[in-house]
Amino acid sequence: MQDSGIVGLVLGMKPFLLSLLVGSSLAAADVASVVKQELPSLVTIYKELHTNPELSLHETETAARIAKELREAGLEVTENVGGHGLVGVLKNGDGPVILVRTDLDALPVKEQTGAPYASTKVVKDELGREVNVMHACGHDVHMASFVGTARALVKLRDQWQGTIVMIGQPAEERVLGARFMLRAGLFSKFPKPDKAIALHCSSDMAHGQVGIVEGFALANVDSVEIVVKGVGGHGSMPHLCKDPIVLSSQIVLALQTIVSREVRPGDPAVITVGSIHGGTKSNIISDEVRLQLTLRSYKKETRQHLIDSIKRIVKAQADSASMPADKMPEVLVSDDSATALYNQPELCQEVRGFIGAAIGADNVLTREPVMGAEDFSEYGMTKDKVPLCMFWLGTQPPAVVAAAKAKGTSLPSLHSPYFKPVPEPSIETGVTAMTSAVMGLLKK
């Protein structure tokens, strides 16, 4: 189209359309300006948090730091909500209520990134074991972006109207924190959200990009422990024993048929035996083996089918080994479970538009759902059915991502001791994207 055609098109626009176009451009410029001002201090916060991670349910100093930052930004802050959870509220006239969440906790992982600000922290876990601690899932990037979003929304409050509720959630890695905060009155003691949004680091996307999944984005997760009992004895006399290691091996193999032969093709499901422990010495048949499993699914019916089938197969294998009634295996389903995250398509489309206007529509990617889990889903599971949208945030150098794709190799994943986000551009995009989304949802 010729320049004269563009001029004519603009001049021919209806006034309200033209004002929207100009307003969007001005808002994006204002957000970019504020983010640039705040970025150096946000990177400092990120590095301090990265160097000083805390395990789930032990986020004392982390929560205090984020609460302090929100207060200094101008929010009204309440601490110790459902453990180490915190809630910051900023009311800015009549309008919708938007909830923004960050998570606070780190993982028992020994960092091997080689970063100058790498964590060397060692603590005792709940079993008294010494473990290394690392922000291997990017929660430090989440928190720095969260603080930056709070600052930007306060500075740009003349451009939006409504209420923001910013929560720092503990124990996400244990998929417990969301339920703890809800039980502590998150939706009754504080403004109840009309919509809730969050971001999460991606390990395979370039910084400067955001990814959105409409519909199911993350999976149900259940932890299951199987206690396989036996009759121990000398390794040279197996006929006098009931070997739980052999029975456990048969159970592990039989479990593989659930997804491949019982779940409808196209219905995502995963059963992984991640841990197996039994025995003490080569010539001793043990009397117990413990298996730890993780189950993943999207549909409620599929989730229940996995659990029921595991119980059926475990019993059947024990029966086939003539295991006495008092030695039958136990199947223990943990309460530490998360429901599948459903990103409401309409909200995702809104968020996509607002973020695209700020960072460029080409930088907002459509992503596929994955079988990871997140308890952000819990905020949409109450009777209020709050619409949710969690988007992915790119963290890796574009050239590294492109090279890995060209070679068909994988980059270090989340929870890897080698996962290393690039701080400045990742946080800049995180703050820009989240601020733009909130301002768009609360536009005057």
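Anything mentioned here points back to the structure above.
Rules used throughout
- Residues numbered from 1 in each chain as written.
- Predicted model: local features only at pLDDT ≥ 70, side-chain atom pairs only at ≥ 80, totals over all residues.
- Heavy atoms only, no water.
- Helix = DSSP H or I, 4+ residues; strand = E, 2+ residues; numbered from the N terminus.
- Areas by Shrake-Rupley, 256 points an atom, 1.4 Å probe, with all protein chains shown as cover.
- Lys, Arg positive; Asp, Glu negative; His and termini not counted.
- Charge placed at Lys NZ, Arg CZ, Asp CG, Glu CD.
- Contact = heavy atoms within 4.5 Å.
- Phe/Tyr/Trp six-rings, centres within 6.5 Å; stacked < 30°, edge-to-face > 60°.
- Buried < 20%, exposed > 50% of the residue type's maximum accessible area, 1.4 Å probe, protein only.
- Pairing = 2+ DSSP bridges.
- Axes fitted to C-alpha atoms, helices over the stretch in contact; angles between N-to-C directions.
- Salt bridge = Lys/Arg side-chain N within 4 Å of Asp/Glu carboxyl O.

Looking now at the overall build of the protein. Within the protein one finds eleven helices and 18 strands. For the protein, the C-alpha atoms occupy an extent of roughly 90 × 50 × 45 Å along the three principal directions. A total of about 20,200 Å² of accessible surface is found on the protein, and carbon and sulfur atoms cover 55% of it. Charge separation in the protein, taken as the distance between the mean sites of 44 positive and 49 negative side-chain charges, equals 2 Å.

A few words on the environment of T382. Inspection of the secondary structure puts T382 in the loop between β17 (364-366) and β18 (388-393). Counting along the chain gives 220 residues from T382 to G162, while the straight-line C-alpha distance between them is 22 Å. Not counting chain neighbours up to four residues away, the residues in contact with T382 comprise L182 and F187.

In total, this model carries four aromatic pairs according to the counting rule given. Seen in terms of ring centroids, F216 and Y342 are 5.3 Å apart; in terms of plane orientation they differ by 80 degrees. Their pairing is edge-to-face. Of the two residues, F216 sits in strand β9 (residues 215-218) while Y342 sits in strand β16 (residues 341-343), which places them 126 residues apart along the sequence. With a relative accessible area of 35%, F216 lands in the partly exposed category.

One non-glycine residue, V175, lies in positive phi territory at about 45 degrees. Residue placement: V175 occurs in the loop between β6 (162-169) and α5 (177-183). Looking at V175, the relative accessible area reads 9%, which means it is buried. Although it is not a glycine, K385 sits at a positive phi angle of roughly 50 degrees. With respect to the helices and strands, K385 occurs in the loop between β17 and β18. Looking at K385, the relative accessible area reads 53%, which means it is exposed.

Okay, the environment of S145 next. Looking at the secondary structure, you find S145 in helix α4 (residues 139-155). A residue is classified by how much of its surface remains accessible, and S145, at 1% relative accessible area, is buried. Linking S145 and G430, residues 285 residues apart in sequence, is a C-alpha distance of 5.4 Å. Apart from the residues within four sequence positions on either side, S145 is in contact with L199, L393, I427, G430 and V431.

A separate point is the sheet that holds strand β10 (residues 220-229). The sheet built from four strands is open, its strands ordered β12-β14-β10-β15 with antiparallel pairing. Bordering the open sheet on either side are β12 (269-278) and β15 (330-333), each of which pairs with just one other strand. In this sheet, adjacent strand axes meet at a mean angle of 20 degrees when their direction is disregarded. Two strands pair when backbone bridges link them, and β10 and strand β14 (residues 288-297) are joined in this way by ten bridges, in the antiparallel orientation. Each residue of the ladder has a partner; that of V227, found in β14, is R290. The strands touched by helix α8 (residues 300-320) are β10, β12, β14 and β15; relative to β14, the strand with the most contacts, the crossing angle is about 160 degrees.

Counted under the stated rule, the structure contains 24 salt bridges. Note that D103 and R101 form a salt bridge whose closest N and O atoms lie 3.1 Å from each other. We note that D103, like R101, is buried. Of the charged contacts in the structure, one is a salt bridge between K383 and D384, with a shortest N-O distance of 3.8 Å. On the basis of relative accessible area, K383 is assigned to the exposed category, the value being 74%. According to the relative accessible area criterion, D384 is partly exposed, its value standing at 29%. What you see here is one network of salt bridges that share partners, running through E38, E48, R65, E69, R151 and K155.

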